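Tertiary structure, described
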Amino acid sequence: RKEVEQDPGPFNVPEGATVAFNCTYSNSASQSFFWYRQDCRKEPKLLMSVYSSGNEDGRFTAQLNRASQYISLLIRDSKLSDSATYLCVVGNTGGFKTIFGAGTRLFVKA
Amino acid sequence: DTAVSQTPKYLVTQMGNDKSIKCEQNLGHDTMYWYKQDSKKFLKIMFSYNNKELIINETVPNRFSPKSPDKAHLNLHINSLELGDSAVYFCASSQDREIRGLSDEQFFGPGTRLTVL
């Protein structure tokens, strides 16, 4: 089992749609969780951190389920500019090591 | 101001050559990283340095040697380049909070696209 697994997609959605991504992780001792966004031929950038209590930032909502070891990202009212690859990132204790998932590609179409 | 910079942005070279990629961060961060992103877009950590000390060294061929002359710089030297080394290499940095078992946001450089012919 991979340390961090994501559905690679692609997800093709129309503008205005709501789309959700899930990500599972294998290390139950993981302490830090993030979603990063990577545009084509660009570097990854932090989208949002994921807290135990959940986290909302405008149209984006992230949730953490420790019991089932998954995190989710919900995007409401999708915009064309949301088209990108979304990377699930898990930070493990003991060594500054963060594990990146392979990413989920999202295409938002007019 | 560029927070994390890498040079060169593109690198095309022949098999067997030796090349270096430089990385600098002006964020005052304590930890720096090298990642490799292959053609399948999978981003994999190679090395991590904290305060100039190597703390992560993943299963990477010893042809790859990182060097950190100071906290703000982490360079990557690659000997005897092979076709399979073709990828995008990203440098990143983060503040140091690992003492509390937490990871911090990582700031990435723009990447170096290495092509080995």
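Within chain B one finds zero helices and 11 strands. If you list the helices and strands of chain B from N to C, you get β-β-β-β-β-β-β-β-β-β-β. In summary, chain B has a C-alpha radius of gyration of 14 Å against a globular reference of 13 Å for 117 residues, a match within 12%. Seen along its three principal axes, the alpha-carbon backbone of chain B occupies a region of about 45 × 30 × 30 Å. Each of the 117 residues in chain B was classed as buried or not, and the buried ones make up 45%. Considering only intrachain contacts with a sequence separation of at least 6, the fraction spanning at least 24 residues in chain B is 56%. Carbon and sulfur atoms provide 49% of the accessible area of chain B, an area that totals close to 5800 Å². Positive and negative charge centroids in chain B, built from 14 and 14 side chains respectively, lie 6 Å apart.

For chain A, the count of helices and strands is zero helices and 11 strands. If you list the helices and strands of chain A from N to C, you get β-β-β-β-β-β-β-β-β-β-β. Expected size for 110 residues packed as a compact globule is a radius of gyration near 13 Å; at 13 Å, chain A falls within 12% of this value. With the principal axes as the frame, chain A shows a C-alpha extent of 45 × 30 × 20 Å. Taken over 110 residues, chain A has a buried fraction of 47%. Contacts in chain A between residues far apart in sequence, at least 24 positions, make up 57% of those at least 6 positions apart. Within the structure as shown, chain A displays about 5300 Å² of accessible surface, and the carbon and sulfur contribution to it stands at 47%. Charged side chains of chain A number 13 positive and 10 negative; the gap between the two group centres comes to 4 Å.

A few words on the interface of chain A and chain B. Every contact between the two is made by 21 residues of chain A and, on the other side, 25 residues of chain B. Contact between chain A and chain B buries roughly 2000 Å² in total, counting both sides, with carbon and sulfur atoms accounting for 55%. In this assembly, chain A and chain B are joined by four residue pairs in polar contact (both at pLDDT 80 or more). Breaking the side of chain A that touches chain B down by element, the ones donating at least two residues are strand 4 (32–38), strand 5 (44–49), strand 9 (84–92) and strand 10 (97–100) of chain A. Here the side of chain A that touches chain B gets four residues from one element, more than from any other, and that element is strand 4 of chain A. Residue composition of the side of chain A that touches chain B, by class: seven nonpolar, 10 polar and four charged.

Before going further, it helps to examine the environment of Asn22(A). Residue and element names in this part refer to chain A. In this structure, Asn22 sits in strand 3 (residues 19–25). Residue classification places Asn22 among the partly exposed positions, given a relative accessible area of 47%. Separated by 17 residues in the primary sequence, Asn22 and Glu5 place their C-alpha atoms 8.7 Å from one another. Among residues more than four places away in sequence, those in contact with Asn22 are Glu5, Gln6, Asp7, Trp35, Tyr70, Ile71 and Ser72.

With that settled, the discussion passes to the pairing of strand 5 (residues 43–50) of chain B. All names here are of chain B. Burial runs high along strand 5: seven of the eight residues are buried. Where strand 4 (residues 31–37) and strand 5 come together, seven bridges link them in antiparallel fashion. Of the residues in strand 5, the one forming a bridge with Met32 is Tyr49. Two successive antiparallel strands, strand 4 and strand 5, enclose a turn made up of five residues, where Lys41 displays a positive phi of approximately 70 degrees. By the bridge criterion, four bridges tie strand 5 to strand 6 (residues 53–57) in an arrangement that is antiparallel. The residue of strand 6 that forms the bridge with Tyr49 is Leu54. The antiparallel hairpin formed by strand 5 and strand 6 contains two residues in its connecting segment, where Asn51 sits at a positive phi of about 50 degrees.

Cut-offs applied
Residues numbered from 1 in each chain as written. Chains lettered and ligands numbered in written order. Predicted model: local features only at pLDDT ≥ 70, side-chain atom pairs only at ≥ 80, totals over all residues. Heavy atoms only, no water. Helix = DSSP H or I, 4+ residues; strand = E, 2+ residues; numbered from the N terminus. Rg over C-alpha atoms; globule rule 2.2 N^0.38 Å. Buried < 20%, exposed > 50% of the residue type's maximum accessible area, 1.4 Å probe, protein only. Contact = heavy atoms within 4.5 Å. Areas by Shrake-Rupley, 256 points an atom, 1.4 Å probe, with all protein chains shown as cover. Lys, Arg positive; Asp, Glu negative; His and termini not counted. Charge placed at Lys NZ, Arg CZ, Asp CG, Glu CD. Buried area = accessible area lost by both parts, 1.4 Å probe. Polar contact = N/O pair within 3.5 Å; in protein donor to acceptor, adjacent residues only side chain to side chain. Nonpolar A, V, L, I, M, F, W, Y, C, P; charged D, E, K, R; others polar. Pairing = 2+ DSSP bridges.

By themselves, these are just geometric observations and shouldn't be taken as functional.
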